[in-house]
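Given next are the chains, with one letter for each unit.
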Amino acid sequence: QKEVEQNSGPLSVPEGAIASLNCTYSDRGSQSFFWYRQYSGKSPELIMSIYSNGDKEDGRFTAQLNKASQYVSLLIRDSQPSDSATYLCAVRTNAGKSTFGDGTTLTVKP
Amino acid sequence: KAGVTQTPRYLIKTRGQQVTLSCSPISGHRSVSWYQQTPGQGLQFLFEYFSETQRNKGNFPGRFSGRQFSNSRSEMNVSTLELGDSALYLCASSFGGTSGGALHEQFFGPGTRLTVL
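On a predicted model such as this, the values are computed, not experimentally measured, just so you know. (Residues numbered from 1 in each chain as written. Chains lettered and ligands numbered in written order. Predicted model: local features only at pLDDT ≥ 70, side-chain atom pairs only at ≥ 80, totals over all residues. Heavy atoms only, no water.)

A.B. asks: Can you lay out the nonpolar core for me, pointing to particular residues and giving the numbers?
C.D. replies: Residues and elements named next belong to chain A. Membership of the largest hydrophobic core comes to 23 residues, with the highest contact counts inside it found for Trp35, Val72, Leu74, Ile76 and Tyr87. Elements with a contribution of two residues or more to this core: β3 (19-25), β4 (30-38), β5 (45-50), β7 (61-66), β8 (71-76), β9 (85-93) and β11 (104-109). Once residues within four sequence positions are removed from consideration, Leu74 is found in contact with Ala19, Ser20, Leu21, Trp35, Ile47, Met48, Phe61, Thr62, Ala63 and Tyr87. (Core = buried A, V, L, I, M, F, W, Y, C linked by side-chain atoms within 4.5 Å. Buried < 20%, exposed > 50% of the residue type's maximum accessible area, 1.4 Å probe, protein only. Helix = DSSP H or I, 4+ residues; strand = E, 2+ residues; numbered from the N terminus. Contact = heavy atoms within 4.5 Å.)

A.B. asks: Run through the sheet that holds strand β8 (residues 74-78) of chain B, naming residues and quoting values.
C.D. replies: Residues and elements named next belong to chain B. The strand order β1-β3-β8-β7 describes an open sheet built from four strands, whose pairing is antiparallel. Only two strands of the sheet have a single partner each, and these edge strands are β1 (5-7) and β7 (64-68). In this sheet, neighbouring strand axes are inclined to one another by 20° on average, regardless of whether the strands run parallel or antiparallel. Where β1 and strand β3 (residues 19-24) come together, three bridges link them in antiparallel fashion. Residue pairing in the sheet places Thr5 in a bridge with Ser24 of β3. (Pairing = 2+ DSSP bridges. Axes fitted to C-alpha atoms, helices over the stretch in contact; angles between N-to-C directions.)

A.B. asks: Would you mind going over the sheet that holds strand β6 (residues 54-58) of chain A in detail, with residue names and values included?
C.D. replies: Remark on secondary structure: sheet strands pair via backbone hydrogen bonds, oriented parallel or antiparallel. All names here are of chain A. Spatial strand order, β1-β3-β8-β7-β6: five strands in an open sheet with antiparallel pairing. Whereas interior strands pair on both sides, the edge strands pair on one side only; in this sheet they are β1 (4-6) and β6. The sheet shows a mean angle of 20° between the axes of neighbouring strands, taken without regard to direction. Alignment of β6 against β7, held across five bridges, turns out to be antiparallel. Along β7, the bridge assignment pairs Asp58 with Phe61.

A.B. asks: Explain the interface of chain A and chain B to me, using residue names and the numbers behind them.
C.D. replies: On the chain B side, the residues contacting the 17 residues of chain A number 20 residues. Here chain A meets chain B over a buried area of about 1,400 Å², counting both sides, of which 51% is carbon and sulfur. Counting the contacts that link chain A with chain B gives one salt bridge. Our enumeration of links across chain A and chain B arrives at seven residue pairs in polar contact (both at pLDDT 80 or more). Elements with a contribution of two residues or more to the side of chain A that touches chain B: β4, β5, β9 and β10 (98-100) of chain A. (Buried area = accessible area lost by both parts, 1.4 Å probe. Salt bridge = Lys/Arg side-chain N within 4 Å of Asp/Glu carboxyl O. Polar contact = N/O pair within 3.5 Å; in protein donor to acceptor, adjacent residues only side chain to side chain.)

A.B. asks: Tell me about the packing of aromatic side chains, and please be specific about residues and values.
C.D. replies: Inspection of the entire model under this criterion finds eleven aromatic pairs over all chains. For the ring pair Phe34 of chain A and Tyr36 of chain A, a centre distance of 6.5 Å and an interplane angle of 50° mean the geometry is tilted. On the basis of relative accessible area, Phe34 of chain A is assigned to the buried category, the value being 4%. Among the aromatic residues, those joined into a cluster by ring pairs are Phe34, Tyr36, Tyr51 and Phe100 of chain A together with Tyr35, Phe45 and Phe108 of chain B. The side chain of Arg60 of chain A reaches across the aromatic face of Phe61 of chain A, ending 5.6 Å from its centre. (Phe/Tyr/Trp six-rings, centres within 6.5 Å; stacked < 30°, edge-to-face > 60°. Lys NZ or Arg CZ within 6 Å of the ring centre and 35° of its normal.)

A.B. asks: Help me get a handle on the pairing of β7 of chain A, residues and values and all.
C.D. replies: Residue and element names in this part refer to chain A. Between β6 and β7, which follow one another and run antiparallel, lie two residues, and Gly59 among them has a positive phi close to 65°. The pairing of β7 with β8 spans six bridges and is antiparallel. Paired with Phe61 across the bridge in β8 is Ile76. Taking the residues between adjacent antiparallel strands as the criterion, β7 and β8 are bridged by four residues, where Gln70 takes a positive phi near 55°.

A.B. asks: Just give me the short version of the state of the cysteines, but keep the residues and values in it.
C.D. replies: Applying the stated criterion to the full structure yields two disulfides over all chains. Each sulfur of the disulfide joining Cys23 of chain A and Cys89 of chain A lies 2.0 Å from the other. Note on the Cys23 of chain A and Cys89 of chain A pair: the S-S dihedral is about -70°, so by sign convention the disulfide is left-handed. Of this pair, Cys23 of chain A sits in strand β3 while Cys89 of chain A sits in strand β9, placing them 66 residues apart in sequence. Residues Cys23 of chain A and Cys89 of chain A agree in their burial class; the two are buried. Disulfide pairing is shown between Cys23 of chain B and Cys91 of chain B; the S-S distance is 1.7 Å. With a gap of 68 residues between them, Cys23 of chain B in strand β3 and Cys91 of chain B in strand β9 (residues 87-94) connect regions that are remote in the sequence. As far as burial versus exposure is concerned, Cys23 of chain B and Cys91 of chain B are alike and both buried. (Disulfide = S-S within 2.5 Å.)

Right under this line is the structure:
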């Protein structure tokens with residue numbers, strides 16, 4: 001079992017729709033959770049971080065965390081073609097190790 | 001505030017050679033992590049340095065090593081290069097520290113594209 005698993009993708013949604021990206025992790029001691037966006041040929045950029053159970057909203061992005069289910073998700077509302085990218089889920093354990101999922105590629109069609 | 005910088009941006013080496021990559025973190029950041037990214041393996045953690053000490057290490061052979069200087073700049077060295085070492089090497093910096101949360105939000109540099117022939 002991988003330490004961090006994401007939807008295999010690719011995910012395609014029409015412009016204006018909600019894109020839902022999911023991530024599960026295996027280490028129950030994980031405390032910090034991050035979502036990065038990576039455009040083709042570019043390096044990852046941090047878009048959201050979440051540390052407590054529940055929802056955290058930032059503009060069109062909402063991160064959701066459920067530690068009991070070891071599940072973290074990212075919702076993108078009113079998806080735009082510029083949101084087309086690979087989204088990486090990252091988890092940091094109490095031991096200080098950061099692990100990334102393989103990423104989900106999102107395509108938003110105009 | 002300047003971002004994370006990495007040099008060189010591109011590198012071509014032959015098998016058996018060694019290479020040194022450099023990373024300058026965001027001012028004030030004391031933690032530097034290194035990652036290898038390939039199409040087949042995704043983003044793989046190499047190691048993390050904080051205050052000149054290696055704090056965590058991934059599952060890479062001993063040919064991969066690193067160090068951090070007192071100004072938080074970090075270097076990564078790969079000896080006896082193999083064809084499979086061809087990848088994008090990314091460095092990321094954060095404030096670090098023993099507490100959790102935002103101290104560990106990582107900001108990535110543009111990467112060094114290494115090609116081994």
